[in-house]
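Each chain, written out:
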Amino acid sequence: DSNNGASQGLILRLDESTNGMPYSTLAETYTQIYKDLDEAISLYGESGMNRKEGDVWMPNVNVAHAIYARAALTKQDYAKALSEAKLAREGYPLMNNTEYYAGFCNPTGEWIMGSFGGSQENNWYWQFACNGYYASTQQTGAGAIGRELINRIPNNDARKALFLTEDKFPGYNFNDGSVMDLTYGILGMGEKEKEADALWDEAAAYCKKMAVSGLTAPYEAGYMYLGGQLKFYVFDTLGVGYLPFIRSSEMVLIEAEANYFLNNEAAAQAALVELNATSGRNAEYTCTKTGDALWNEIMDYRELELWGEGFAWSDYKRWNRDVIRNGFDKGGNAHISIATTIPASGANKWTWDVPLNETDYNDELKVSGN
């Protein structure tokens, strides 16, 4: 879409001036991003500066390499994305399943960067943890993974255990409203009271089984949703906990995607095997898929691995892929109010407008005659 970088980029101010300035091209914008990252990496090397152990909210050279990998992937500079992703995850091995089940509220050795999680600076009510304020006191839940996606993932995958999915509760019909409300997807709110109550009991028992030791139990309000997550916790009220921003798993997925588009399908397959089998998340995982099937596999596991960490919108935009949200009547689990398709071609291709504070006062941006 960028016409080889000739399309509109940003108003690329490199100082504090407020004079009129035209748009840069997208190529010029990325040239500056690359230049800034090269300089940052060089300065880290010259200074030997690093953050204190555990201070994941502070940047270091690995963070610079990770941001470089993201920028290069978006630019479709796949060779650069591949090399930077490998550098970014040096010293940050993939976490094991015990760490994966620990609530995603304390950093592990895989976190390249995350938020500060102390009680003096926290997310309060806005934290979407499964044991956070709303999941504990209201019926709003804490977020649910897409039904179609999670049903494509094998049941023996450790990550699938962190969601209230149909495989956990065999013998129930999730499509006729007998044991679950088909508007909201609330487990146990069905037309057949006895069966619905039994499902609620099983869902509550599963939540108790998966609860993280030492933390408040999930979904204490008693409302559990199909696909409801048990991934993110807080360790204090109302929303105290760390959140991951960059993890080594993302870098492995960047390697998989970059290798795919570099026509090195064997290396892309190997990256998926490292993420899924070598890590122990699914020890039986193998990958021999090629072509479109391999690409779909990469996208599925990126969505699964990074669910809830803030990637879906930018990934779909980058992939030029429609957002398709199906309601229960079409095999999904989206509420009727958002069960829709959002085409990638719509709404200016999901591109943010330049703020009015810039366009109103920057004469270089005014259209002739206006």
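In what follows, the accompanying structure is described.

Turning our eyes to something else, we now look at the overall build of the chain. Looking only at helices and strands, one finds 13 helices and four strands in the chain. In summary, the chain has a C-alpha radius of gyration of 23 Å against a globular reference of 21 Å for 370 residues, a match within 12%. In terms of principal-axis extent, the alpha carbons of the chain reach across some 70 × 55 × 50 Å. Of all 370 residues assigned to the chain, the portion counted as buried reaches 46%. The long-range share in the chain, meaning contacts at least 24 apart out of those at least 6 apart in sequence, stands at 63%. Of the roughly 19000 Å² of accessible surface on the chain, a fraction of 52% belongs to carbon and sulfur atoms.

Let us look at the nonpolar core. Counting 63 residues, the largest nonpolar core has Phe-169, Leu-187, Leu-230 and Leu-272 as its most contacted members. Elements represented by at least two residues in this core include exactly α6 (147-151), α7 (193-210), α8 (248-261), α9 (265-278), α10 (291-305) and α11 (312-319). Per-element accounting of this core gives the leading share, six residues, to α10. Non-local contacts of Phe-169, meaning those with residues more than four positions away in its chain, are made with Leu-164, Phe-174, Leu-187, Leu-199, Glu-202, Ala-203 and Tyr-206. Leu-73, Leu-82, Tyr-92 and Ile-254 belong to the second-largest nonpolar core, a separate cluster that totals 25 residues.

Between helix α2 (residues 61-74) and helix α3 (residues 78-88), the least distance of the axes is 8 Å, while the angle of their chain directions is 155 degrees. Between α2 and α3, the crossing angle belongs to the class labelled roughly antiparallel. Regarding α2 and α3, the two cross each other, and that crossing is left-handed. Side by side, α2 and α3 meet where Asn-62, His-65, Ala-66, Tyr-68, Ala-69, Ala-72 and Leu-73 of the first sit next to Tyr-78, Lys-80, Ala-81, Glu-84, Ala-85, Leu-87 and Ala-88 of the second. Tallied by class, the residues present in the contact of α2 with α3 amount to ten nonpolar, two polar and two charged.

Among all positions in α3, only Tyr-78, Ala-81, Leu-82, Glu-84, Ala-85 and Ala-88 are buried. Tucked inside the fold, the buried residues of α3 contact α1 (26-47), α2, β1 (111-114) and α8.

You will see that Lys-349, though not glycine, has its phi angle at about 55 degrees, which is positive. Structurally, the position occupied by Lys-349 is in helix α12 (residues 347-350). Of note, Trp-350 is a non-glycine position whose phi angle comes to about 60 degrees, a positive value. Here Trp-350 lies in helix α12.

For the structure on display, the rule yields 21 aromatic pairs. Summarising the aromatic geometry, the rings of Phe-169 and Tyr-206 are spaced 6.4 Å apart at their centres and angled 80 degrees between planes, so their arrangement reads as edge-to-face. On the criterion of sequence distance, the pair formed by Phe-169 in the loop between α6 and α7 and Tyr-206 in helix α7 is long-range, its members being 37 residues apart. Residues Phe-169 and Tyr-206 agree in their burial class; the two are buried. Through a chain of ring-to-ring contacts, three or more aromatic side chains come together here, namely Tyr-78, Tyr-260, Phe-261, Trp-295, Tyr-316 and Trp-319. Between Lys-80 and the ring centre of Tyr-68, over which it is positioned, the NZ or CZ distance is 4.7 Å.

Looking at the secondary structure, you find Tyr-316 in helix α11. Take Tyr-316: its relative accessible area is 11%, and that puts it in the buried class. Spatially, the C-alpha atoms of Tyr-316 and Phe-174 are 28 Å apart, while their sequence positions differ by 142 residues. Discounting residues that sit within four places of it in the chain, Tyr-316 has contacts with Glu-303, Arg-321, Asp-322, Val-323 and Trp-350. One polar contact links Tyr-316 to Glu-303, side chain to side chain, over a distance of 3.1 Å.

Before going further, it helps to examine α1. End to end, α1 covers 32 Å across 22 residues, agreeing with the expected 32 Å (1.5 Å per residue, within 8%). Inspection of α1 places Thr-29, Tyr-30, Gln-32, Tyr-34, Leu-37, Ile-41 and Tyr-44 among the buried residues, and these make up the whole buried set. If you follow the buried residues of α1, they end up packed against α2 and α3. In the stretch just after α1, Gly-48 is the one whose phi turns positive, near 70 degrees.

What follows covers a negative patch on the surface. A surface patch of negative charge is lined by Glu-193, Asp-197, Asp-201 and Glu-202. Tracing the chain through its elements places Asp-197 in helix α7. Among the residues examined, Asp-197 registers a relative accessible area of 39% and is labelled partly exposed.

This next bit is on the side chain of Asp-157. Here Asp-157 is to be found in the loop between α6 and α7. The contact partners of Asp-157, leaving out residues within four places of it in the chain, are Arg-281, Asn-282, Tyr-301 and Leu-304.

For the rest of this paragraph, the subject is the side chain of Glu-250. Turning to its location among the elements, Glu-250 is positioned in helix α8. Overall, Glu-250 belongs to the buried group, its relative accessible area being 1%.

Throughout the structure, instances matching the rule amount to 24 salt bridges. Across the pair Glu-84 and Lys-80 runs a salt bridge whose closest N-O atoms are separated by 3.3 Å. Taken together, the positions of Glu-84 and Lys-80, both in helix α3 and four residues apart, correspond to about one turn of that helix. Judged by its relative accessible area of 4%, Glu-84 falls in the buried class. Here Lys-80 falls in the partly exposed class, since its relative accessible area comes to 24%. Notably, a salt bridge pairs Asp-300 with Arg-152, separated by 2.8 Å at the nearest N-O pair.

About the thresholds
Residues numbered from 1 in each chain as written. Predicted model: local features only at pLDDT ≥ 70, side-chain atom pairs only at ≥ 80, totals over all residues. Heavy atoms only, no water. Helix = DSSP H or I, 4+ residues; strand = E, 2+ residues; numbered from the N terminus. Rg over C-alpha atoms; globule rule 2.2 N^0.38 Å. Buried < 20%, exposed > 50% of the residue type's maximum accessible area, 1.4 Å probe, protein only. Contact = heavy atoms within 4.5 Å. Areas by Shrake-Rupley, 256 points an atom, 1.4 Å probe, with all protein chains shown as cover. Core = buried A, V, L, I, M, F, W, Y, C linked by side-chain atoms within 4.5 Å. Axes fitted to C-alpha atoms, helices over the stretch in contact; angles between N-to-C directions. Parallel < 35°, antiparallel > 145°, perpendicular 65-115°, else oblique. Left-handed = near helix turned anticlockwise from the far one by under 90°. Nonpolar A, V, L, I, M, F, W, Y, C, P; charged D, E, K, R; others polar. Phe/Tyr/Trp six-rings, centres within 6.5 Å; stacked < 30°, edge-to-face > 60°. Lys NZ or Arg CZ within 6 Å of the ring centre and 35° of its normal. Polar contact = N/O pair within 3.5 Å; in protein donor to acceptor, adjacent residues only side chain to side chain. Expected span 1.5 Å × (residues − 1). Patch = residues over 30% accessible without salt bridge, like charges linked within 9 Å, V, L, I, M, F, W, Y side chains within 5 Å. Salt bridge = Lys/Arg side-chain N within 4 Å of Asp/Glu carboxyl O. Lys, Arg positive; Asp, Glu negative; His and termini not counted. Charge placed at Lys NZ, Arg CZ, Asp CG, Glu CD.

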